[in-house]
Amino acid sequence: MNKFLSSAAVAVVMMAGLSAAHAADVKEVQMLHWWTSGGEAAALNVLKQDLSKEGFAWKDVPVAGGGGDAAMTALKAMVAAGTYPTASQMLGYTVLDYAQAGVMGDLTETAKKEGWDKSVPAALQKFSVYDGKWVAAPVNVHSVNWLWINKAVMDKIGGTQPKTFDELIALLDKAKAAGVIPLALGGQNWQEATMFDSIVLSTGGPEFYKKAFNDLDEESLKSDTMKKSFDNLATIIKYVDPNFSGRDWNLATAMVIKGDALVQVMGDWAKGEFVAAKKTPDTDFLCYRFPGTDGSVVYNSDMFGMFNVPDDRKAAQVALATATPTLSKSFQSAFNVVKGSVPARTDVPDTDFDACGKKGIADLKAANEGGTLFGSLAQGYGAPPAIANAYKDVVSKFVHGQIKTSDEAVKQLVQAIDDAR
C-alpha cells in the first residue's frame, strides 16, 4: 500500500474488506462517497430508501471533503488492496482512468435495456462509456457558474441582480459598507478554482473558456484575457473575511443562509443546503448565473462508478444502476430536487423542482443544444486529474499570495499544465 495514504484511507480499506467478506451472505450495496453535508446526506437518503425497497442493505463508506480528493485517495487504496466497493461516487476523468486500468464493471446490458444512450446527454456518455461499454451511471448534472444570495441582506442593502463583473463588485461594496461579509468562500483549492472557472467564463466568454479549459490551447492559457481573469480574481478575493482559509464549502453556504454573508459563488450543490435549511428561492435566497455567463453552463456530474466485483455482488450493482440515472424518472426527480442538481437524463419533467431547479434544467437544455455546455476544469470534467490538480494548485497559490502577480500566475499556469500533460 502507498506509504503516503492517510490513516483515514487505511481505515476505509479495512472497512471495505469487512464488508466484502460478508457480501456473499447479505444483499448489500457498499458506496464510497463524499456526500457528508446536510443537503448531500438528505439526497443520499433518497437512494438508500429506494434500494431498501428492493431488499438491499446500505453500507456507507463516507470520506469527508467537498472536492472528493480524500475520497479518491481512499478509493485508490481500496483498488490497490482488491477490496472494491459496489460503487463509488466519481467524477469524469477518474472514471476513465479506472476503466483504462481494467477494473471497472460492465453495465452495458442494463444500459441497453433501459435506453441510456437515448436519455443521457452525450457530454456525460463521454465519461460513463469506455471502449463501447457502460462503466458508470450518471446520477445528476451540476453546474458551477452560480451566485447564491441571501435575499434579506440583498433587500437591506438595496441590491439588484448584477449583470456584469463590475456590477458584482459594486454589489459587494454595498454589502461591505453595510457591515456584512460580502463574499463567503472556503479557502480550499477546489473552491477557489471552482470560482475561477466562472470568472474565466465571464471574462473571456464561451469560446475562450472552451479553448483554455477544455481544449487546453496554450495561446489562450497565456493570453491577456487569462491575465485579466487573474486580475478579476485578485479583485473579488478582497471581499472575503479573514477567516476563510480552510473553511468547508457548506460552512460558507451556511454564512449566506444565516445572513452573515451576502453571496457565495458555488456549484448548485449549495442549493441542497438551502433546501435542507427549509429555505425557499425568491423568498429566502436568490440564484443567479455568475455575471457574464448567462447562456453557458459549466458542469460536472456525480457518477456511480461500478467496479468489476465477483458475480455474487453484481446484483447489487444492477439494482444501484437501475435505481439511479435511467429506470426511475421519479428517483431522478426526487434525488435532484433535494441535491440541488438537475437530472442526468433529459426526459424528466421539471414539475417538482423549485424556481432555481427549473432554471437549471432550462439552462442545461439550452446550453446542450447551443454548444455552450462546458466541462468544469476545477471539478474534473475539463481535463484529466493531473491537469486539474495543477490548475487548482496555481489558482490557490495566487489567492493566498504565494504567486504575487497576474503575469506570474499565467506563466505558472501554462508551465504547470504543460508539466502535467
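Refer to the structure presented above.
These numbers were taken from a predicted model, which means no experiment stands behind them.

1. Regarding the overall build of the protein
And then number 1: Helix and strand counts for the protein stand at 20 helices and 15 strands.
And then number 2: The C-alpha radius of gyration of the protein comes to 21 Å, within 12% of the 22 Å expected for a compact globule of 421 residues.
And then number 3: Out of the 421 residues belonging to the protein, those deemed buried represent 58%.
And then number 4: Contacts in the protein between residues far apart in sequence, at least 24 positions, make up 76% of those at least 6 positions apart.
And then number 5: Accessible area of the protein: about 16,400 Å², with a carbon and sulfur share of 50%.
And then number 6: Between the averaged position of the 41 positive side-chain charges in the protein and that of its 48 negative side-chain charges there is a distance of 2 Å.

2. Topic: the pattern of salt bridges
And then number 1: Across all of its chains, the model carries 17 salt bridges by this definition.
And then number 2: For Lys392, the salt bridge is made with Asp69, and the minimal N-O distance between the two is 3.7 Å. Placement of the pair is Lys392 in helix H19 (residues 385-399) and Asp69 in helix H3 (residues 69-81), with a sequence separation of 323 residues.
And then number 3: Take Lys392: its relative accessible area is 5%, and that puts it in the buried class.
And then number 4: Here Asp69 falls in the partly exposed class, since its relative accessible area comes to 38%.
And then number 5: Its salt-bridge partner being Asp215, residue Lys210 comes within 3.1 Å of it at the nearest N-O pair.
And then number 6: Connected through shared salt-bridge partners, Arg289, Asp294, Lys359 and Asp363 make up one network.

3. With respect to the sheet that holds strand S8 (residues 146-150)
And then number 1: Strands sit in the order S9-S10-S8-S11 across an open sheet of four strands; the sheet is mixed. A single partner strand is all that each edge strand has here, and the edge strands are strand S9 (181-184) and strand S11 (285-289). Taking the axes of each pair of neighbouring strands and ignoring which way they run, one obtains an average angle of 20° across the sheet.

Definitions and cut-offs
Residues numbered from 1 in each chain as written. Predicted model: local features only at pLDDT ≥ 70, side-chain atom pairs only at ≥ 80, totals over all residues. Heavy atoms only, no water. Helix = DSSP H or I, 4+ residues; strand = E, 2+ residues; numbered from the N terminus. Rg over C-alpha atoms; globule rule 2.2 N^0.38 Å. Buried < 20%, exposed > 50% of the residue type's maximum accessible area, 1.4 Å probe, protein only. Contact = heavy atoms within 4.5 Å. Areas by Shrake-Rupley, 256 points an atom, 1.4 Å probe, with all protein chains shown as cover. Lys, Arg positive; Asp, Glu negative; His and termini not counted. Charge placed at Lys NZ, Arg CZ, Asp CG, Glu CD. Salt bridge = Lys/Arg side-chain N within 4 Å of Asp/Glu carboxyl O. Pairing = 2+ DSSP bridges. Axes fitted to C-alpha atoms, helices over the stretch in contact; angles between N-to-C directions.

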